[in-house]
Amino acid sequence: MGDPRYLQEHGPSYELRERGPSNDLAPSESQLDSKTHLPLDVASIDLVRRRLKQRHVQMYIAGTIGTGLFLGSGEAINTAGPLGALLAFALVGSVAYASLCSLGEMTSLAPITGTFPHFASRWVDPALGFAVSDIVVLTYCLPDIFSRLFVPAEISGARVLITAWDTNHAAAYTLAICIVVCATNIFGVVYFAETEFVFSTMKLIMITALIIVGLLIDLGGLPNNEPPIGFLNWKNPGPFVAPSAGLEPEHPSLNNFLGILSVIVQAAFAYQGMEIVAVAASETKNPRRNITKAIRRVFYRILIFYILGVFVAGLIVPSNDLRLLTSNSVGAGTAAQSPFVIAIRDAKIKALPGVVTAGMLTSAFSAGNSFLFCSSRILYGLAIRGQAPHFLTFCTKKGLPIAAVLCSSAFAFLSLIGVSSGADKVFNWFLQLATVGGFIGWFSINVTYLFFHRGLRAQKIDRRELHYWNPLQPWLSIWGLFWCIFFIVINGFTVFWDFKVSGFMTSYVVVPIFLLLIVFWKYTRQTEIWKPDEMDFTTGIPSYEETEGPEILPKGFWQHLAAALF
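Criteria and thresholds
Residues numbered from 1 in each chain as written. Predicted model: local features only at pLDDT ≥ 70, side-chain atom pairs only at ≥ 80, totals over all residues. Heavy atoms only, no water. Helix = DSSP H or I, 4+ residues; strand = E, 2+ residues; numbered from the N terminus. Contact = heavy atoms within 4.5 Å. Patch = residues over 30% accessible without salt bridge, like charges linked within 9 Å, V, L, I, M, F, W, Y side chains within 5 Å. Areas by Shrake-Rupley, 256 points an atom, 1.4 Å probe, with all protein chains shown as cover. Salt bridge = Lys/Arg side-chain N within 4 Å of Asp/Glu carboxyl O. Buried < 20%, exposed > 50% of the residue type's maximum accessible area, 1.4 Å probe, protein only. Phe/Tyr/Trp six-rings, centres within 6.5 Å; stacked < 30°, edge-to-face > 60°. Lys NZ or Arg CZ within 6 Å of the ring centre and 35° of its normal. Core = buried A, V, L, I, M, F, W, Y, C linked by side-chain atoms within 4.5 Å.

## Brief notes about the environment of A336
Stage number 1. Among the secondary structure elements, A336 is positioned in the loop between α16 (298-316) and α17 (339-346).
Stage number 2. In sequence terms A336 and T357 are 21 residues apart; their C-alpha atoms lie 8.2 Å from each other.
Stage number 3. Among all residues touching A336, those that are not within four sequence positions of it are R323, V341, I342 and R345.

## So, a nonpolar patch on the surface
Stage number 1. Together, F496, W497, F499, V501, F504 and M505 make up an exposed nonpolar region whose accessible area comes to about 620 Å².
Stage number 2. For F504, a relative accessible area of 30% translates into the label partly exposed.

## Points about the pattern of salt bridges
Stage number 1. Going through the model one piece at a time under the given rule, you end up with four salt bridges.
Stage number 2. The closest approach of N and O atoms between D462 and R464, which form a salt bridge, is 3.2 Å.
Stage number 3. On the accessibility criterion, R464 (55% relative accessible area) is exposed.

## Some remarks on helix α13 (residues 264-271)
Stage number 1. The buried fraction of α13 amounts to eight of the eight residues, a majority that puts the element mostly inside the structure.
Stage number 2. Among all positions in α13, only I264, V265, Q266, A267, A268, F269, A270 and Y271 are buried.
Stage number 3. Just past α13, the residue G273 takes up positive phi, approximately 110°.

## Regarding unusual backbone geometry
Stage number 1. Omega for the peptide link from N236 to P237 comes to 15°, which places this bond in the cis form.
Stage number 2. With respect to the secondary-structure elements, P237 resides in the loop between α11 (232-235) and α12 (252-262).
Stage number 3. That bond from Q473 to P474 is cis: its omega, 5°, falls within 30 degrees of zero.
Stage number 4. Looking at where P474 falls in the secondary structure, it is placed in the loop between α21 (423-458) and α22 (475-490).
Stage number 5. The phi torsion at N286 lies on the positive side, around 50°, for a residue other than glycine.
Stage number 6. The class for N286 is buried, based on a relative accessible area of 16%.
Stage number 7. Positioned with a positive phi, Q526 is a non-glycine residue whose angle comes to about 55°.

## Observations concerning the packing of aromatic side chains
A ring pair, where both rings are aromatic, is described by two values, the distance of the centres and the angle of the planes.
Stage number 1. Throughout the structure, instances matching the rule amount to 27 aromatic pairs.
Stage number 2. Ring centres 6.0 Å apart and planes at 75° place the aromatic pair W234 and F311 in the edge-to-face group. In this pair, W234 is assigned in helix α11 and F311 in helix α16, connecting sequence segments 77 residues apart.
Stage number 3. Look at F311 and you get partly exposed, because its relative accessible area is 22%.
Stage number 4. Geometrically, the ring pair formed by F520 and W521 is tilted, given 6.4 Å between the ring centres and 55° between the ring planes.
Stage number 5. Look at W521 and you get buried, because its relative accessible area is 7%.
Stage number 6. Every member of this aromatic cluster is reached through a ring pair, and the members are F439, W442, W479, F482, W483, F486 and F487.
Stage number 7. Across from the ring centre of F451, 5.0 Å away, lies the NZ or CZ of R454, which sits over that ring.

## Thoughts on the nonpolar core
Stage number 1. F89, W123, Y271, W442 and F452 are the most contacted members of the largest nonpolar core, which has 119 residues in total.
Stage number 2. When residues no more than four places from it in sequence are discounted, the contact partners of F89 are L69, S73, A76, Q266, A267, A270, Y271, I307 and V310.
Stage number 3. Counting 13 residues, the second largest nonpolar core, distinct from the first, contains L379, Y380, L382 and A388.

Below, the structure is given as structure tokens:
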């Protein structure tokens, strides 16, 4: 057990954890901070193992690309126009990047179980960490609803895609997808990682191919003698489109601006979940080195796969095309409403629509799979620190937090709701709830980073010595924090032009729940905001030697290519 590689796989303090029936352990009184009742050193009861490799971590960011990009981009173009959708995706992408950079820097210091909710508890206030994770008391009084709602949202989106082939067995398909997604996580982290690696690789190949085909369609480069489209769709019907409701018909410029605001939710849903890279830190080999590589590549992946993807989609399909997915669609949508599928069919490429539909289906499955992993690990991190029921700390002998996985898996079956009421409506309902929770998650990450940054300065700790640090900080987190607050406030603004209680609730109900959870935890636990000179940057955090092994440099062309890609 003294072998460094053995310690890196099983995590720090493995020998201590082997001394007793650790599944029955709970944080002792000596582990609790007397001021906040927050256990910082939980190595003796944290049973997860570091089994994820570098190539797995590098593909996790791609793993969260799902129906939000393939179907949501079409709705965004229909609602705000090609330029409006592009601006919305670019703005939200900058906020996602800022949040991930902030989270990456904190994770490079502390690659431990619990990730950003624990960071909020550790460096801001335990009440904030509890509320961020427990933003779920919406239904079953279980923590972390915002991550878990992404699972049924992606499964609902997968069912929307699969109906391109068969519209008569929606319930059976939904149930089958739920079972497969849950089983992949239940079998263990290695099965999850390999499945995600394969599907994410397929997904990136498909996105790259769609962008190339889209450019060929736009430039007239296909052998079907179709004339080039160029920016024709930007001229007619135009770069901007007003919301279908025509909120301010007497003020066209304001109406176009409102159109951009109205697609923020679609754009955000496409980005959210990238934080899975940091969530997986406690189960990743060489986490500081591998997560640093993943974070540094985020900017280019956002630029290529999201921004360029939406740009191309806006070139090849007019925003007034009636085949696009819209918020007012009646009945279940299909993959035929994706802008890429519409353009490919118009170009008379017969074989590709079915291939693209299959690729989008695996993409939605992969995204739901990633979100389920993310939510179960956050739930487990809460449980080992006493902020969730203790039975959720139970792990298998191989280090799988099975109780947390099973609890999170139950939420996947919420997607069955859409079988009777129309997949598109349920997809948008889940999307709205999940996205607001995601905004709150990003908000907490940026708030936590500002406290973290202030604490390091107060204790004269040079952040440049961390494995990852960004020279644009703390301005990146300030940028991210400002826009997160803005997004939360305006995410359901259209309801004030045509007020409906259901619309208002799905847009804003998460916010008062979040605030009430903060008040509840502060009142019941008497927590306090951490002062900069009192923040703990060492307790329960494994050293560099405990987590990082020797770096194996690539040899030959293929290894260098793999290192560049993964």
